[in-house]
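Here is what each chain is made of, one letter per residue.
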Amino acid sequence: MNEVTSETSAEDGLQDDPGFTGCVTDWAPELEHAFAASPAEGDRLIAVEGELPSFVRGSYYAIGPGRFTVGGVRYGHWLDGDGLVLGLHLGVAEASVDGRQARVAHRFVRGTKQADEAAAGKALYRTFGTAFADDQLRRGLGLESPTNVSVHPWQGHLLAYGEQALPWRLDPVTLETLGEENFGRLSPASPLSAHPWLDRLTGGLANFGIGFSPSRPTLTYYRLDAQGEMVVRQRHALDHPVSVHDFGLSERYAAFDLAPYVLDFASFRSGASLFDALTWMPELGRTVLVLDCETGSEIARVPMPSGYCLHLVEAWEDGQTLVIDMIEMEEPIYDQYSVPELFPAARSSSVVRYRIDPAAGRMLGREALDGEQMLDFPISDPRCAGRGCDSFFASAISRSGQPGRKFFDRLVRVDWQAGGEADAWQAPTGTYLGGEAGFVPDPQQASEGAIVLPVFEPGANRSQILILDASRLAAGPIARVPLPVMLPPLFHAWFEAAP
Ligand SMILES: [Fe+2]
């Protein structure tokens, strides 16, 4: 492996291990090692093993929580860790154009939280799941984000997002943090979700933010054009200050699943973690808010059956019907995110297709592909995103139905025509999925492509990035890039194909 730039050591030098203390049965032995030490940053050329398809040319990015101890504070929730970004460049000038070498960089985001805490030499800010004595909030109102949820290219940079905060601009190759992005007019206090919707065809961007005021909760919808100009900023009153993580965008509509996961703002202001201040209140009902995606004006509030959706698969239109495909659970999942005892309960999810008549403001039907597995991090072929895909890919937990610590260890393809799982790659025992998959379209063949998938093996202290044939997951990887350090499991990813 060749050095491209210098490699720095972890700032905190954390080597102690939180250990595993909890469950009756442990289906993910040694998982705790992945959260024990913050990985060294690096930027290297690494030989690609196997045969990389000629169309796999571009950059895969993923981001997630990478540092779980700051000063003397150890974070107890998966959402707490400081954002770590992974960049993999294949078949492009930053690596080697013949695809035989990949350039791999991994670097922490240096936002306000990280910069302030590095300067102070200790943890200063409360996080989603961890409160401590004298912890601080951003302007006394919200979390100072660890910037650890999602990443995508924008205006020649990368944008790295945390929950309900402005994103940070990064260099797309070195991943260095360049500054906070306010889109020209947003104040630092403006809440923005970590699930922006970037239109790959037009270059436009849509997003939303929740205002958790107990007396006047709101959802604000934003739309930016391809030049980065904010063209829509429309605020809507909510009945309750609910947590909304994701949304769907179809040709004409923006859809928000307002499930009753309610924030007690007074409790949060008085010292509770955000997780402890959130309560699942199904008695309040669930509504889908439908907006005109071009103007942001309200079209309908549609009563829905009880359920909780962390991630939509996609929203699309079938004639006058708005269709929302989602991964639905009975209740929120964040109670299963304790580190390192993840997913201890026996839980499953369903893949659900809702049909909604926006003009009438009512739900027309619910079709469920009942599964026994917990699925998350759905991705689709970007060529059909927003227009209805026959199938999508997701991370899955094979031991979902059994109590005991476990983690994502399968990549599945769910097919609506087949009525469920149509293909899957099962990780070997002791290997787990290291982040959301990226889909690389094959420009020569519609609906064909490749999957980029990081995996980690905590018992062996190593990570690698796998390339799979998207149509033959079960056949296993066709190429791989071994990483110089083990990275903890990351959250969302983006593949940007080379022009
Ligand atoms: Fe997410």
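What counts and what doesn't
- Residues numbered from 1 in each chain as written.
- Predicted model: local features only at pLDDT ≥ 70, side-chain atom pairs only at ≥ 80, totals over all residues.
- Heavy atoms only, no water.
- Disulfide = S-S within 2.5 Å.
- Buried < 20%, exposed > 50% of the residue type's maximum accessible area, 1.4 Å probe, protein only.
- Pairing = 2+ DSSP bridges.
- Helix = DSSP H or I, 4+ residues; strand = E, 2+ residues; numbered from the N terminus.
- Axes fitted to C-alpha atoms, helices over the stretch in contact; angles between N-to-C directions.
- Donors = N, O, S within 2.8 Å, 3.2 Å for Na, K, Ca; no water.
- Tetrahedral: all angles 85-135°; square planar, octahedral: opposite > 155°, others 65-115°.
- Salt bridge = Lys/Arg side-chain N within 4 Å of Asp/Glu carboxyl O.
- Patch = residues over 30% accessible without salt bridge, like charges linked within 9 Å, V, L, I, M, F, W, Y side chains within 5 Å.
- Areas by Shrake-Rupley, 256 points an atom, 1.4 Å probe, with all protein chains shown as cover.
- Lys, Arg positive; Asp, Glu negative; His and termini not counted.
- Charge placed at Lys NZ, Arg CZ, Asp CG, Glu CD.

Caption draft 1: Just the state of the cysteines, in detail. Taken as a whole and judged by the stated rule, the model has one disulfide. Here cysteine 384 connects covalently by a disulfide to cysteine 389, the sulfurs 2.0 Å from one another. Taking the sign of the torsion about the S-S bond as the criterion, the disulfide between cysteine 384 and cysteine 389, at about 110°, is right-handed. Residue classification places cysteine 389 among the buried residues on the basis of a relative accessible area of 5%.

Caption draft 2: Representation of the sheet that holds strand β29 (residues 410-415) within the structure. Strand order across the open sheet formed by four strands is β27-β28-β29-β30, with antiparallel pairing between neighbours. Each having just a single partner strand, β27 (374-379) and β30 (420-426) make up the two edges of the open sheet. Averaged over all pairs of adjacent strands, the angle between their axes in this sheet comes to 30°, without regard to strand direction. Bridging between β27 and strand β28 (residues 391-397) involves four bridges; their strand directions are antiparallel. The partner of isoleucine 379 across the bridge, within β28, is phenylalanine 393.

Caption draft 3: Region of interest: the coordination of the iron ion. Protein coordination of the iron ion is provided by His195 (NE2), His245 (NE2), His311 (NE2) and His492 (NE2), with donor distances spanning 2.0 to 2.1 Å. Around the iron ion sit four donor atoms, and with donor-metal-donor angles ranging over 91 to 165° the site reads as irregular. Each donor residue of the iron ion belongs to the same chain, with the gaps between them written as H-x49-H-x65-H-x180-H. With a gap of 181 residues between them, histidine 311 in strand β23 (residues 308-318) and histidine 492 in the loop between β35 (479-482) and β36 (493-497) connect regions that are remote in the sequence. Considered together, histidine 311 and histidine 492 belong to a single accessibility category, that of buried residues.

Caption draft 4: Seen up close, the pairing of strand β32 (residues 438-441). Burial along β32 is two-sided: the face carrying Gly438 and Val440 and the face carrying Phe439 and Pro441 are both buried. Relative to strand β33 (residues 449-457), β32 runs antiparallel, the two sharing four bridges. When the sheet's bridge partners are listed, phenylalanine 439 is paired in β33 with isoleucine 451.

Caption draft 5: Focus on the pattern of salt bridges. Within the structure shown, the criterion is met by 24 salt bridges. Among the salt bridges present, the one from aspartate 82 reaches lysine 113, with a minimum N-O distance of 2.7 Å. In this pair, aspartate 82 is assigned in strand β7 (residues 82-90) and lysine 113 in helix α1 (residues 112-120), connecting sequence segments 31 residues apart. Judged by relative accessible area, which is 1%, aspartate 82 ranks as buried. Here arginine 126 and aspartate 135 are joined by a salt bridge, their closest N and O atoms 3.0 Å apart. Both residues of the pair, arginine 126 and aspartate 135, belong to the buried class. Through salt bridges with shared partners, one network takes in Arg67, Asp82, Lys113 and Glu117.

Caption draft 6: Seen up close, a positive patch on the surface. A contiguous patch of positive charge on the surface is contributed by Arg185, Arg216, Arg233 and Arg235. Positionally, arginine 233 belongs in strand β16 (residues 230-237). Residue classification places arginine 233 among the partly exposed positions, given a relative accessible area of 38%.

Caption draft 7: Local environment of the environment of glutamine 227. Its location among the elements puts glutamine 227 in the loop between β15 (218-224) and β16. Looking at glutamine 227, the relative accessible area reads 61%, which means it is exposed. Distance in space between the C-alpha atoms of glutamine 227 and tryptophan 154 is 9.9 Å, their sequence separation being 73 residues.

Caption draft 8: Fine view of the pairing of β33. Summarising burial for β33: nine of the nine residues are buried, a large majority. With burial as the criterion, each face of β33 is covered, one bearing Gly449, Ile451, Leu453, Val455 and Glu457 and the other bearing Ala450, Val452, Pro454 and Phe456. With two bridges joining them, strand β31 (residues 432-433) and β33 adopt antiparallel strand pairing. Paired with tyrosine 432 across the strands is phenylalanine 456, a residue of β33. Looking at chain direction, β33 and strand β34 (residues 462-469) are connected through eight bridges and run antiparallel. Residue pairing across strands places alanine 450 opposite aspartate 469, the latter belonging to β34. Hairpin connection between β33 and β34: a loop of four residues separates the two successive antiparallel strands, and asparagine 461 in this loop has a positive phi of roughly 60°.

Caption draft 9: Structural context of the sheet that holds strand β12 (residues 177-180). The sheet built from four strands is open, its strands ordered β9-β10-β11-β12 with antiparallel pairing. Taken across any chain shown, the strands that pair with only one partner, and hence form the sheet edges, are β9 (150-154) and β12. Each neighbouring strand pair of the sheet contributes to a mean axis angle of 30°, computed without reference to strand direction. Here β9 runs beside strand β10 (residues 157-161); their pairing, made up of five bridges, is antiparallel. Note that in β10 the partner of serine 150 across the bridge is tyrosine 161.

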